[in-house]
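Coordinate inspection notes
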Amino acid sequence: MFSEFLQYLFTGITIGATYALVALGFTIIYNASHVINFAQGEFLMIGGMGTVAFMGLGIPMFFAIILAVLLACLVGIALQRLAIAPAKNADVVTLIIITIGASIFIRGIAQVVWGKDYHVVPPFSGDEPIRLGGAVLNSQSLWVLGIGAVLVIALILFFTRTLIGRAILGTSMNKLAAQLVGVKTQMVLMLAFGLSALLGSVAGVTVAPITFTAYDIGILLALKGFVAAAMGGLGSGLGAVVGGILLGVVEAMTAGYISSEYKDAVAFSMILLVLFFMPRGLFGGRTVERV
Amino acid sequence: MFDRFLEWRMNYVLVLAIIVFVIPLLMENPFYFDLATQILIIAATVVGLNLLVGYAGQISLGHAGFYGMGAYFSAVATSAYNWPPLLALIVAAAVVGLVAWVVGRPILKLKGHYLSMATLAVGFIIAIIINNESQLTGGPDGMVVPPFSLFGWELSTFGLYSLLGLEIPGHVAWYLVAGVLLLVAVIIAQNLIDSPLGRALRSIHGSEIAARTVGVDTARYKSMVFVISAVYASIMGSVFAHFTGFITPAIAGFDYSIVLITMVVLGGMASPMGVILGAVVLKLLPQFLAGFQEYETAIFGFILMATMIFMPKGFYPTAMNAIRNKLGKSSGGKA
Amino acid sequence: MAKKSLLRRAGVLAATLATSLLVSAQAAEPIKIGSFLSVTGPASFLGDPELKTLEMYVEKINEEGGVLGRPLELIHYDDVGNASNARNFAGRLIRSDRVDIIVGGSTTGATMAAVPLVEQARIPFISLAGAVTIVDPVKEWVFKVPQSDRMAAERILWDMRRRGFDKIGLISGTGGFGASGRQQTLAVASEYGIEVVADETYGPSDSDMTAQLTNIRNTDGVDAILNFGFGQGPAIVTKNYAALDINLPFYQSHGVASDAFLDLAGDAAEGLRLPASPILIPSSLPDDDPQREVVQSYAQEYRDHWGTRVSTFGGYAYDGLMLAVQAIEAAGTTDKAAVRDELENILGYVGVTGIFNMAPDDHNGLTPESFRILEVKDGDWMLVE
């Protein structure tokens, strides 16, 4: 009985950690620019597929990962510079469509350059599962959780302790004011996208040994990440993490105890419920609406 | 005279009607008619979505759910339970409208991205149910839909009909039916926009709080437009099901919701002609890109991005502005 | 002046007529083979090798003189795994490109969406998709190459019965292939004296199925587990199954009959069984196996031409094309009705998927026995039956 519960919990937390990292990526960009970046999932894809591609060139895994992450950051910065910045004061919906177009474009290029097959990424520390209380935990899951935690802490420190981090937050609160006090908002925005891409690609390569990687894994992950971010409260880092893990756990528990067919439906219903009672998500701040 | 024509709010409807009815005289290939009919059906759907997104400014990322619900309700009712198609279509629209009302009331209280998120969730739930209840819906592999029939008279793309002594093949007949449906959809939409509902919607889009302050019952109007656009989608979904004869759960899915919203934004929000243009472009683009094989996805994404960056208001408003500027300049800067 | 231009025009007309007569006498009009496949998108592992195979063999046949002295022309479109697109492209092939025969439809959804058009246009259509509904009930113009999902289920259940299993756990993907495979398994299990006591599903993009497998393992009396699905899902199920250390015999469906699956699943796949076409084990076929030669030459040629391993799904396209060519040659014309009749008459045709025996009431022509039972041993396929 208990070992089952533990099994579902482990599964849920592992997937949840992935969702959390994607959600954090959404949050960073949203915080800096109020844009929901539907191309977020592609950063994960570049992390995973990039690593595979570089390893295929003979580069050892560690450096392949670094190169893949760098590639993702470049793509993120390019995305901001070439696609978002020129759109300036466009409608929210227009920006959404731009990021969706970007996501399709990146996927299209990946498909041509890297092919359409699924690829294996070697686990960081071997294949042996860990047995705990009658349940089985993938050693890679621990990496996901560990790296996830490190990234979250690093981000908290970044945003609260460093000048650049606070500059990003300032830009999100009031772009004009930030510019007035000398913040180079364009730089800040590019940085935010780059950072989000870093987060996404690291998450992507860490999770790839569990889920395999291919040119189109970004789509559903982006969606689930958005769901988690919204549920947790857009703009709240803590909300993103909690939202992600909660989503993952609910999915796994539903699959285990209720019905595996409807697990996604149950997860989505749960989000609706959360939003009905807390219209700004779990940790979303109260915002003032200017009339 | 031309100025009066330009001022008339319904001018574009006449233009549209002319285009719709002239095109069949220029086309011959049944495949083109098939494509054109699909464009007309989807255009009518986005005219409805436009009311919600373009005028009221509420982003819906799950609209295909209502479309799919209408389609599947009609499909199941007419094939498994032998309902007359027209009855199934009407009941489907009523059911979908009811669902939209029940779901809409709480959802529309949400703002911005939270609203998009909630509509996304609703769309997904509908698509999942359709996919899983395979006993009823045929599951992911889809189901066959009987052709549309009215009092024993069947309308199928493969039929041959005589009207006023003319022989009209099925694919042309369906095209004409779809054309009429689109015109009706546009006329109704335009009337709604010109009514108190439309004015309320635009005030909500401008600033919801301000609207509420001056006494506009924003919740009620938002709910109304949500239901209306859902009913549009349901009716056109049913029509589509009978037209193509075969549907899969993909028509209720997230990808399709995105296609619908892209048509609205690409063509030009708050502009019925704009969204129709958006429908035409997005439906025809894959046909043109088919020759690019591998690069099709990348090119499509690129076109999407470029269009939205350089024409953020969409094709039609941007084009209209350009034309208006040209006309203004050439007539010596009329006020 | 007018007389001069009239003469000139008449001269041009005469010259054009003469040239076109000459030209048409020399150039043979190509036989158009139309195809809509899921080359990209979620079913690309079906469509991509199918397209490669068609392109390769159309070229080869043309080099060898074509069919009926005419070259083959392949007109193909990518439906991206979307049934709506498939229907549109089928329409385009039939009405715009005016093809003589269609070999395509990688997925059941795509195939079924095109069927009404095909039936109405009265053009022979050889589908490369698996569901039994494609040819049952038999449709006049629709034929199918792959064995149906029902046959796969029957073959697997037969092997399970042979090994003495009574109760099995089923885990399947909610996509088209998995869902219909599940349906067929549930429908025919009792005929083999087997009871399905656990029935779990997973989504096409799910990344972890330990919850579902745990449920199955905890169900009383489960003797074996069957996973119906394709893509990367079954590979994840296999890895989860190994990690959970479930010691029950494990079966997969023909949906994963490809070396790519072995790459993804790795060591976890050791010992699992599945029904597959002989393409996976060309070298293990005994000398007296009628399919040996066809299979080996296809595998070799594909590998030489494309540099990648052969896949079962490419094999479907090979058989589809060859069946079409066979029927056209037998009919001596591309007249659609004649070709259709000859397709029905095909008997004893040795393909890579199996040996085809078509009939008016059987537009697939294969039996469950055309599936070989393979087991994964030392990271490679081993022929068991």
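Since the model is a prediction, treat every value here as computed from it, not as a measurement. (Residues numbered from 1 in each chain as written. Chains lettered and ligands numbered in written order. Predicted model: local features only at pLDDT ≥ 70, side-chain atom pairs only at ≥ 80, totals over all residues.)

Points about the overall build of chain C
Scanning chain C from N- to C-terminus turns up twelve helices and 14 strands. Considered along the principal axes of its C-alpha atoms, chain C spans approximately 100 × 45 × 40 Å. Every one of the 385 residues in chain C was classed for burial, and the buried ones make up 59%. Taking the intrachain contacts of chain C between residues at least 6 apart in sequence as the baseline, contacts between residues at least 24 apart amount to 66%. (Helix = DSSP H or I, 4+ residues; strand = E, 2+ residues; numbered from the N terminus. Buried ≥ 20, exposed ≤ 12 C-beta atoms within 10 Å, placed from the backbone. Contact = placed C-beta atoms within 7 Å.)

Some thoughts on the overall build of chain B
Across its full length, chain B holds 15 helices and six strands. A compact globule built from 335 residues should have a C-alpha radius of gyration of about 20 Å, and chain B, at 20 Å, falls within 12% of that. Burial status across chain B gives 53% buried among its 335 residues. The contacts in chain B between residues at least 6 apart in sequence include a share of 75% that link residues at least 24 apart. (Rg over C-alpha atoms; globule rule 2.2 N^0.38 Å.)

Points about the sheet that holds strand β5 (residues 142-144) of chain C
Residues and elements named next belong to chain C. Pairing in this open sheet of five strands is parallel, and the strands run β2-β1-β3-β4-β5 from one edge to the other. Lying at the two open borders of the sheet, with one neighbouring strand each, are β2 (72-78) and β5. Each neighbouring strand pair of the sheet contributes to a mean axis angle of 20°, computed without reference to strand direction. Here strand β4 (residues 125-127) pairs with β5 via three bridges, running parallel. Counterpart to S127 in the pairing with β5 is K144. Sheet strands in contact with helix α11 (residues 312-331) are β1 (31-37), β3 (101-104) and β4, and its direction is about 165° off that of β3. (Pairing = 2+ DSSP bridges. Axes fitted to C-alpha atoms, helices over the stretch in contact; angles between N-to-C directions.)

So, the domain arrangement of chain C
Residue and element names in this part refer to chain C. Each assigned domain of chain C is listed with its residue range as follows: domain 1 (31-147 + 292-368) and domain 2 (150-283 + 371-383). Every contact between the two is made by 22 residues of domain 1 and, on the other side, 24 residues of domain 2. For the side of domain 1 that touches domain 2, the element with the highest residue contribution is helix α10 (residues 292-306), accounting for three residues. Looking at the side of domain 1 that touches domain 2, its residues break down into ten nonpolar, eleven polar and one charged. (Domains from an automatic or database assignment. Nonpolar A, V, L, I, M, F, W, Y, C, P; charged D, E, K, R; others polar.)

Brief notes about the environment of C:Y302
Residue and element names in this part refer to chain C. Tracing the chain through its elements places Y302 in helix α10. Taking the C-alpha atoms as reference, Y302 lies 9.8 Å from G315; in sequence the two are 13 residues apart. Dropping the residues within four chain positions of it, Y302 is found in contact with T53, V310 and G314.

Quick notes on the interface of chain A and chain C
In this assembly, 24 residues from chain A lie in contact with 25 residues from chain C. Secondary-structure elements contributing two or more residues to the side of chain A that touches chain C are α1 (2-33), α8 (185-211) and α10 (237-258) of chain A. For the side of chain A that touches chain C, the element with the highest residue contribution is α1(A), accounting for six residues. The residue makeup of the side of chain A that touches chain C, split by class, is eleven nonpolar, eight polar and five charged.

Description of the interface of chain A and chain B
Where interface size is quoted, it is often the accessible area lost as the parts come together. Counting from both sides, the interface comprises 41 residues of chain A and, opposite them, 35 residues of chain B. Breaking the side of chain A that touches chain B down by element, the ones donating at least two residues are α4 (92-114), α9 (218-232) and α11 (263-277) of chain A. Ranked by residue count, the leading element in the side of chain A that touches chain B is α4(A), at 15 residues. Of the residues in the side of chain A that touches chain B, the class split is 29 nonpolar, six polar and six charged.

Brief notes about unusual backbone geometry
Of note, the amide linkage connecting C:D136 to C:P137 takes the cis form, showing an omega dihedral of 10°. Mapping C:P137 onto the fold places it in the loop between β4 and β5. With a phi angle near 65°, A:F212 is a residue other than glycine that sits in the positive phi range. Its place among the elements puts A:F212 in the loop between α8 and α9. For A:F212, a count of 25 C-beta atoms within 10 Å gives the class buried. For B:A270, which is not glycine, the phi torsion reads 55° and is therefore positive. Note that B:A270 resides in the loop between α12 (254-267) and α13 (272-289).

A look at the pairing of β1(C)
Residues and elements named next belong to chain C. Buried residues dominate β1, accounting for six of its seven residues. Alignment of β1 against β2, held across seven bridges, turns out to be parallel. When the sheet's bridge partners are listed, I33 is paired in β2 with L74. Crossover β1 to β2 through helix α2 (residues 44-63) is right-handed. Across two bridges, the pairing between β1 and β3 is parallel. The partner of I33 across the bridge, within β3, is I101. (Right-handed = clockwise from strand over helix to strand, strands pointing away.)

Observations regarding the environment of B:F300
Looking at the secondary structure, you find B:F300 in helix α14 (residues 296-310). Aside from chain neighbours lying at most four places away, what touches B:F300 is A:I104, B:L285 and B:L289.

What about α14(B)?
Taking 1.5 Å of rise per residue, 15 residues should cover 21 Å, and α14(B) covers 21 Å from first to last C-alpha, within 8% of that figure. When α14(B) is considered as a whole, its buried residues turn out to be B:E296, B:T297, B:A298, B:G301, B:L304, B:M305, B:T307, B:M308 and B:I309. Along its buried surface, α14(B) packs onto α3 (61-84) and α4 of chain A together with α12 and α13 of chain B. (Expected span 1.5 Å × (residues − 1).)

Quick notes on the packing of α11(C) against helix α12 (residues 336-345) of chain C
Residue and element names in this part refer to chain C. One way to put it is that α11 packs onto α12 with a least axis distance of 8 Å and a crossing angle of 115°. Viewed along their axes, α11 and α12 adopt a mutual orientation that is roughly perpendicular. Crossing of α11 over α12 shows right-handed handedness. Each of L323, A327, I328, A330 and A331 in α11 lies in contact with α12, whose residues at this interface are A338, V339, E342 and L343. Split by residue class, the contact of α11 with α12 holds eight nonpolar, no polar and one charged. (Parallel < 35°, antiparallel > 145°, perpendicular 65-115°, else oblique. Left-handed = near helix turned anticlockwise from the far one by under 90°.)

Quick word on the pairing of strand β6 (residues 167-173) of chain C
Residues and elements named next belong to chain C. Among the seven residues that make up β6, six are buried, leaving the element largely enclosed by the rest of the structure. Sheet analysis places β6 next to strand β8 (residues 224-228), joined by five bridges and oriented parallel. Each residue of the ladder has a partner; that of S172, found in β8, is F228.

What to know about the packing of α1(A) against helix α5 (residues 139-161) of chain A
If you want to describe how two helices pack, look at the angle between their axes and the distance between the axes. Residue and element names in this part refer to chain A. Where α1 contacts α5, the two axes come as close as 9 Å, and the packing angle between them is 35°. Once α1 is placed against α5, the crossing between them reads as left-handed. Taken together, the residues of α5 that come into contact with α1 (itself represented by F10, I13, T14, A17, T18, A20, L21 and L24) are S141, V144, L145, G148, L151, V152 and L155.

With respect to the environment of A:T27
Residues and elements named next belong to chain A. Following the sequence through the fold, T27 ends up in helix α1. Residue T27 is classed as buried on the basis of its C-beta count, with 27 C-beta atoms lying within 10 Å. Each C-alpha atom of the pair T27 and S236 lies 6.7 Å from the other, and the pair is 209 residues apart in sequence.

A short note on the confidence of the model for chain C
Residue and element names in this part refer to chain C. Mean pLDDT over chain C stands at 88; residues scoring 70 or higher make up 93%. Across chain C, β4 holds the top mean pLDDT of 96, while helix α1 (residues 2-26) sits lowest at 54. Predicted confidence is poor over residues 22-26, with pLDDT under 50, and the contacts of this stretch with residues over four places away or in other chains come to zero contacts. This complex was scored by the predictor with a pTM of 0.86 and an ipTM of 0.86. (pLDDT = per-residue confidence, 0-100.)

Examining helix α5 (residues 85-107) of chain B
Residue and element names in this part refer to chain B. For α5, spanning 23 residues, the distance from its first C-alpha to its last is 32 Å, which sits close to the expected 33 Å at 1.5 Å a residue. By the burial criterion, the buried members of α5 are P85, A88, L89, A92, A93, V96, G97, A100, V103, G104 and I107. Of the surrounding secondary structure, the elements contacted by the buried residues of α5 are α4 (63-79), α6 (112-132), β2 (148-150) and α11 (218-244).

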